[in-house]
Amino acid sequence: MRRLPVAHNGLPARLFPAPSRLVSSQSSPQLPELPWCPSPHSGSTDSPFPHNSQRKQSERASKIASLPPQYQSPLSSSERSILGKPIQELVQDVQKQVTSPVDVLRTYAKVAVEAHHKTNCLTEILFPEAEEWIEKGDVNLEGPLAGIPVSLKDSIAVEGFDVTIGYSCHTGQPYSRDGSLVRLLKNAGAIPFVKTNLPITLLSFESTNDVWGRTTNPHNKDYSPGGSTGGEAALLAFGGSRIGIGSDVAGSVRAPAHFSGCYSLRCSTGRWPKMGINTSMPGQEGIASVFSPMARTYNDLHYFTRSFIRMKPWQYDHSCHPIEWRDHVVEEFKDKKKFRVGVMRTDGVVDPAPACARALDQVATALAAEGHEVFDASPPSPFRALVIASQLLNSDGCRTFMSWFRTGEWNDPGAVQMAFYMKLPRPLKYLHYLWVKYVRRDHMWAELLHGWYERSAFEQWKLVAQREAYKAIWHDWWREEAKMDFMITVPNATPAVPHDGMKEAVSSCGYTFLFNLLDYACGILPVTHVDRTRDALPASFNFRQLNGVAKGAYKYYDAVKMEGLPVGVQVVGRRLEEEKVLAAMEKIEDALEKNGGKYQLLEVE
């Protein structure tokens, strides 16, 4: 690549004209002091949403089309070398001035644009601004993430950019300052360079909205990359980023990693900042949403998480616990020769499909081959957790996430199902409950439906009490009965769902939702791919005998159509045990590699 003119700070000069200020008292309204806590939209059709959505998509397309030649040329050999390096090596190269941070940025920007052309994974393009931050010294190139491009879920606030979360009513409202996450990243030396797509409502394992369009799976365009952090997963799996940040309230960094073939860590509340964002459900604390890291490889996930927490996030965000990164825990766990590993084969609601069961068994077998004690674990009723968690998450009657919609705006089919049933008259719902329970004899589906109504504060407090009692039961079971070092299970009953599949599969999130209720630390690592022969349903499979939740999950399971889709495994530790979970993930990767089963990432073309 031709060398750029050198600016006064020794870095290549910026290719872009200085961006105009996106926030001014004349061009757009001033934002409130807490821009991540907006008031619910009234439903007004002023400034019709199709125009807003078309404008945002046109801005994105124009920004990509107008990129300088350095962003559009084929990858050079030196850029391919950059793509092949883990972030720890890239940081060292940047700090030693062996590699320019601008070169790293442009390399990943090229691949990110290619990923977007294939999957529609990006929302906001930050390349020009990122070069300006580097030139002006707004990022600390002495920090532990020096020069590393980082991708962000669309819900994270970056100064000068909207945080639409897929709602047209949030367009044209650029944020006046960086959120705490972005401030910490820049101080660590990381360079936010793109924002990524998600589902409207943030309550789906798909990633579609009118503002940005539909994101597809990089392995198969007919399938979802996951949600709600689906754009991030598609980008990481494709190779257009090495590290990113998403959020998780019912599996939203874990299902995408499983669906798309990358790595993620669901942190417990308090280990990762949560302010400086926008959400579809501000104030919802029955099941807390947590922001958490995602990565293309395990090594990057570990290094990123450790570096981030060493930046003392509690100094940036009041919601963070002042818990230092505990290297001694990692070393102690890595040095341990024999683990006791529980395997949760099923949640008792939806048995894993053959592809997911095979991946879980592959990990269990590899660990056993390395001398670890592996046993089948039967934890306290996961179905009870699904009932409590679903009622807590939607105790407002789905009113908050529905309040942002403009008339005619597209909604996720799973969220439509939830909101529709919530609005039905209580007597009609009770008759339906009786029919499901006593005529169809589907007791699980009936119990889920029975509590599906808006709760008073009095009723919600009772649900919170049930949540805490359930968490205490799990605590005692793990400590006194299971006595595990960690547990493994599937992240979802099936691999990726086809587009609009959440209409039926909306309730089959129990394998992830369970650990949101418990607030446990969980990691996802990809293990294998769907095989049309090995993962076909057995001849004895009887769809009619399934409960309502399982029917929704299995409706689209087809090993032939799904062939080649990634399949992951979930590694579970207890609350605030992120260090242990990461150490366990490393042990699993080593065991898989020694036993001939390490996952193959998509290669950057």
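Along every chain, residues carry numbers that run from 1 in the direction the sequence is written. Only residues with pLDDT of at least 70 are given local features in this predicted model, and only at 80 or more are side-chain atom pairs given and counted; all residues enter the totals for whole chains, interfaces and linings. The side-chain numbers reported here are obtained from all heavy atoms of the structure, hydrogens and water having been left aside.

## Focus on the UniProt feature "domain: Amidase" (unreviewed entry) in the chain
1) Next: Residues annotated in UniProt with the feature "domain: Amidase" (unreviewed entry) correspond here to residues 103–582.
2) Next: Split by type, residues 103–582 is 40% helix and 13% strand. Its first and last C-alpha atoms lie 30 Å apart. UniProt positions are given in the numbering used here, feature names are shortened, and annotations may be inferred rather than shown by experiment. To qualify as a helix, a DSSP run of H or I must reach at least 4 residues; to qualify as a strand, a run of E must reach at least 2; elements of each kind are numbered from the N terminus.

## Some thoughts on the packing of helix H4 (residues 101–119) against helix H7 (residues 230–238)
1) Next: With axes taken as lines fitted to C-alpha atoms, and helix axes fitted only over the stretch in contact, angles between N-to-C directions fall between 0 and 180 degrees. Between H4 and H7, the least distance of the axes is 9 Å, while the angle of their chain directions is 120°. Taken together, H4 and H7 sit at an angle that is classed as oblique. Handedness of the crossing formed by H4 with H7: right-handed. Residues Val111, Ala112, Glu114, Ala115, Lys118 and Thr119 of H4 pack against Ala234, Leu235 and Phe238 of H7.
2) Next: When residues are grouped by polarity, Ala, Val, Leu, Ile, Met, Phe, Trp, Tyr, Cys and Pro land in nonpolar, Asp, Glu, Lys and Arg in charged, and all others, Gly among them, in polar. Split by residue class, the contact of H4 with H7 holds six nonpolar, one polar and two charged. Any angle from 65 to 115 degrees is called roughly perpendicular, while one under 35 is roughly parallel, one over 145 is roughly antiparallel, and all others are oblique. Each helix crossing is assigned a hand: it is left-handed if the near helix lies turned anticlockwise from the far helix by less than a right angle, otherwise right-handed if that turn is clockwise. In what follows, residue pairs with any heavy atoms lying within 4.5 Å of each other are defined as contacts.

## Overview of the pattern of salt bridges
1) Next: Should a side-chain nitrogen of Lys or Arg be within 4 Å of a carboxyl oxygen of Asp or Glu, the pair is scored as a salt bridge. The full count for this structure, using the stated rule, is 39 salt bridges.
2) Next: Its salt-bridge partner being arginine 345, residue aspartate 361 comes within 3.4 Å of it at the nearest N-O pair. Placement of aspartate 361 in helix H11 (residues 354–369) and of arginine 345 in the loop between strand E9 (340–344) and H11 is noted, with a sequence separation of 16 residues between them.
3) Next: We note a salt bridge from glutamate 447 to arginine 384, for which the minimum N-O separation is 3.5 Å. Here glutamate 447, found in helix H16 (residues 443–450), pairs with arginine 384, found in helix H12 (residues 382–393); they are 63 residues apart in sequence, far enough to count as distant.
4) Next: Judged by relative accessible area, glutamate 447 falls into the partly exposed class, the value being 33%.
5) Next: Here the residues in one salt-bridge network are Arg55, Lys56, Glu59, Glu124 and Asp162, joined through shared partners. Think of it in three bands: with a 1.4 Å probe and only protein chains considered, a residue is buried below 20% of the maximum accessible area for its type, exposed above 50%, and partly exposed in between.

## Digging into empty space enclosed by the protein
One way to see where empty space is left: roll a probe the size of a water molecule over the atoms.
1) Next: Cavities and pockets are defined on a 1 Å grid built over the protein atoms alone: a cavity is a set of grid points where a 1.4 Å probe fits but cannot escape, while a pocket is an open set with protein on both sides within 12 Å along at least five of seven lines, and lining residues are those with an atom within 4 Å of any such point. Grid points are joined across faces, edges and corners, and a volume is the space filled by probe spheres set on the points. In the structure shown here, the tally under the stated rule is one cavity of 30 Å³ or more.
2) Next: Reported here for the largest cavity is a volume of approximately 50 Å³.
3) Next: Considering the residues around the largest cavity, the lining is formed by Asp347, Val349, Val350, Leu386, Ala493, Ser507, Ser508, Cys509, Gly510, Tyr511 and Val549.
4) Next: Considered class by class, the residues forming the lining of the largest cavity number seven nonpolar, three polar and one charged.

## Structural notes on the sheet that holds strand E7 (residues 263–266)
1) Next: Spatially, eleven strands are ordered E1-E3-E2-E6-E8-E7-E12-E13-E11-E9-E10 in an open sheet, and the strand pairing comes out mixed. Two strands in the sheet have a free side with no partner beyond their single neighbour: strand E1 (122–125) and strand E10 (373–376). When strand polarity is set aside, the average angle formed by the axes of neighbouring strands in this sheet is 30°.
2) Next: At least two DSSP bridges between two strands are needed for those strands to be called paired. The pairing of E9 with strand E11 (residues 486–489) spans four bridges and is parallel. Residue glycine 342 lies in a different strand from E11, and its bridge partner there is methionine 487.
3) Next: Relative to strand E3 (residues 191–196), H4 is tilted by about 10°, and along the sheet it contacts E1, strand E2 (149–153) and E3.
4) Next: Contacting E2, strand E6 (243–248), E7 and strand E8 (290–295), helix H9 (residues 298–310) runs over the sheet at an angle of about 140° to E8.

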